[in-house]
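The primary structure of each chain is shown beneath.
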Amino acid sequence: MYASRRLARRHAPGNPTSDSYVPIIPLAQYDAQKDHYEAFAKSIADLLDRLIKFNDIDILPIEFRTKDRNSLSAKIVRPDKIGKYSKLSDITDISRVRVIAFLAEDCEEICKILEDNFSIDVANSINKEDELDPDRFGYLSRHYVLGHNESRINLPELCKFEGMQSEIQVRTVLQHSWAAIDWKLRYKSPAEVPAALRRRLYRISALLETAGSEFSSIARDADDIREFYKRELSANNYHIPIDAEPMLIYLQTNARLEKLFKTAARCGLDVVKINF
């Protein structure tokens, strides 16, 4: 049982005239463990950052935080949360890590990294895209609830985090921009939005989704163009446009230039790699 317990008097659901006592997680328990949760969030963020870099995925700096005391207190007394939490570890978002990638494809790769390297709480993990009707605007992101997996939790530096969970948000830059604006406006559903604004928000949501798809398409086309240049240059076909991309590929792959660079280095000359 808890070292201490606070009891909040609340109206029973469906019966506004009756009273019931609902146990509230003692904030003293949170106060005692807050630093531990902060260290846990950092351990998740640091490991995830290394894994993403190892896989050559470009992201914005990873953000992590621990829920503050006021937010926790407000959460556990919300009408829809009363009775849900019997202990502090039942709250899965005390620690939160946010990963912001540039493309939807990057997010998919990051999700695969999470699933391969962490212990996932599937029941509490959410894909917000699955919750949103196709004709509705709203917040899009992948939310995982997870902890260190069995192999890592046995390491001396991580064993102290056994049984702990963190919420991980994975989203694109454009999805993050919508989330930031959505938070500012504080409209949780289309029904809450004034009719005069609703159409404009639908249009913005559609534009952001279209922009995300276009950026992904451009990235794929750019990869195809690079492969085309590589094939043409390896076949000594130089009837291609002269711009930064084929020039860089030529400098990086031409055998005669590589031999020349090595000869220059043996002669004591400084060879500087050129990047565009």
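Everything in this summary refers to the structure shown in the same document. The structure displayed is predicted, hence computed values, not measured ones.

The rules we used
- Counting from 1, residues in each chain are numbered in the order their sequence is written.
- Where totals are concerned, whole chains, interfaces and linings use all residues; where local detail is concerned, this predicted model gives features only for residues with pLDDT of at least 70, and gives and counts side-chain atom pairs only at 80 or more.
- Side-chain measures here rest on the full set of heavy atoms in the structure, leaving out hydrogens and waters.
- For patch detection, residues must exceed 30% relative accessible area and be free of salt bridges, and they are connected within 9 Å for like charges or within 5 Å for nonpolar side chains (Val, Leu, Ile, Met, Phe, Trp, Tyr).
- For every accessible area listed, the method is Shrake-Rupley and the probe measures 1.4 Å; residues are considered covered only by the protein chains on display.
- Any carboxyl oxygen of Asp or Glu that lies within 4 Å of a side-chain nitrogen of Lys or Arg is treated as forming a salt bridge with it.
- Strands here mean DSSP runs of E at least two residues long; helices mean DSSP runs of H or I at least four residues long; both are numbered from the N terminus.
- Remark: exposure states derive from per-residue accessible area (1.4 Å probe, protein chains only) relative to the maximum for the residue type, with buried under 20%, exposed over 50%, and partly exposed in between.
- Expected helix span is taken as 1.5 Å per residue step, with the number of steps being one fewer than the number of residues.
- Here the axes come from fitting lines to C-alpha atoms, over the contacting stretch only for helices, and the angles between their N-to-C directions go from 0 to 180 degrees.
- Geometric relationships in this document are graded by angle, where less than 35 degrees denotes roughly parallel, more than 145 denotes roughly antiparallel, 65 to 115 denotes roughly perpendicular, and other angles denote oblique.
- The sense of a crossing depends on the near helix, which, turned anticlockwise from the far helix by less than a right angle, makes the crossing left-handed and, turned clockwise, makes it right-handed.
- Residues are treated as being in contact if the distance between any of their heavy atoms lies within 4.5 Å.
- In this tally Asp and Glu are treated as negative and Lys and Arg as positive; neither His nor the chain ends contributes.
- Throughout this entry, Asp, Glu, Lys and Arg are counted as charged residues, while Ala, Val, Leu, Ile, Met, Phe, Trp, Tyr, Cys and Pro are counted as nonpolar. The remaining residues, Gly among them, count as polar.
- Cysteine sulfurs are considered disulfide-paired once they come within 2.5 Å of each other.
- Taken from the helix axis, the directions to the C-beta atoms give the arc we talk about.

Focus on a nonpolar patch on the surface
Here is step 1: A surface patch of nonpolar side chains, about 220 Å² in accessible area, is lined by Leu60, Phe102 and Val173.
Here is step 2: You can see leucine 60 is positioned in the loop between helix H1 (27-54) and strand S3 (63-66).

Here's the deal with unusual backbone geometry
Here is step 1: In the Ramachandran plot, aspartate 56 falls in the positive-phi region, its phi being about 55° despite a non-glycine side chain.
Here is step 2: On the secondary structure map, aspartate 56 appears in the loop between H1 and S3.
Here is step 3: Here asparagine 236, not a glycine, exhibits a phi torsion of approximately 60°, which is positive.
Here is step 4: The class for asparagine 236 is exposed, based on a relative accessible area of 54%.

Thoughts on helix H9 (residues 255-266)
Here is step 1: Here H9 contains 12 residues, and its C-alpha end-to-end distance of 17 Å stays within 8% of the 16 Å for a straight helix at 1.5 Å per residue.
Here is step 2: In the stretch just after H9, glycine 268 is the one whose phi turns positive, near 90°.

Re the packing of H1 against helix H3 (residues 104-117)
Here is step 1: One way to put it is that H1 packs onto H3 with a least axis distance of 11 Å and a crossing angle of 120°. Overall, the two elements H1 and H3 adopt an arrangement that is oblique. Relative to H3, H1 is oriented so that their crossing is right-handed. Seen from H1, the contacting residues are Leu48, Leu51 and Ile52; seen from H3, they are Ile110, Ile113, Leu114 and Asn117.

Things to note about the environment of aspartate 90
Here is step 1: For aspartate 90, the position within the fold is in the loop between helix H2 (69-76) and strand S4 (95-101).
Here is step 2: Overall, the relative accessible area of 26% leaves aspartate 90 in the partly exposed class.
Here is step 3: Apart from the residues lying within four places of it in its own chain, the contact partners of aspartate 90 are Lys84 and Tyr85.

Quick look at the side chain of glutamate 232
Here is step 1: Along the chain, the position of glutamate 232 falls in helix H7 (residues 195-234).
Here is step 2: For the buried residue glutamate 232, which engages in no salt bridge, the nearest side chain bearing the opposite charge is arginine 231, 5.5 Å off.

Things to note about the packing of H7 against helix H8 (residues 244-253)
Here is step 1: Put simply, H7 and H8 touch, their axes get as near as 10 Å, and they point 50° apart. In this view, H7 runs oblique relative to H8, as classed from their interaxial angle. Taken as a pair, H7 and H8 cross one another with a handedness that is right-handed. Two secondary-structure elements touch here, H7 through Arg226, Tyr229, Lys230 and Leu233 and H8 through Glu245, Pro246, Ile249 and Tyr250.
Here is step 2: Its residues placed into classes, the contact of H7 with H8 shows five nonpolar, no polar and three charged.

Brief notes about the pattern of salt bridges
Here is step 1: Per the stated rule, a full pass over the model turns up 16 salt bridges.
Here is step 2: Residues glutamate 167 and arginine 96 are paired through a salt bridge, measuring 2.8 Å at the closest nitrogen-oxygen approach. Taken together, the residues glutamate 167 in strand S8 (residues 166-172) and arginine 96 in strand S4 connect sequence positions 71 residues apart.
Here is step 3: Where lysine 230 meets glutamate 227, a salt bridge forms, and the shortest distance between an N and an O atom there is 3.8 Å. A residue pair is termed a helical-turn pair when its members lie 3 or 4 positions apart in one helix, as lysine 230 and glutamate 227 do in helix H7 at three residues.
Here is step 4: A relative accessible area of 40% places lysine 230 in the partly exposed class.
Here is step 5: Sharing partners across several salt bridges, the network here consists of Lys67, Lys75, Asp93, Arg96 and Glu167.

Structural notes on the state of the cysteines
Here is step 1: By the definition in use, this model includes zero disulfides.
Here is step 2: The thiol of cysteine 107 is not disulfide-bonded; the next cysteine sulfur, from cysteine 111, is found 6.5 Å away.
Here is step 3: Judged by relative accessible area, which is 7%, cysteine 107 ranks as buried.

Comments concerning H3
Here is step 1: Over its 14 residues, H3 extends 20 Å from the first C-alpha to the last, a length consistent with the 20 Å expected when each residue adds 1.5 Å.
Here is step 2: Three or more residues of H3 are buried, namely Asp106, Cys107, Ile110, Cys111, Ile113, Leu114 and Asn117. Buried residues in H3, looked at end-on, bunch into an arc of 155°, giving them a common side.
Here is step 3: Residues of H3 that are buried in the fold lie against H1, S4, strand S5 (118-120), strand S7 (142-148), helix H5 (150-153) and S8.

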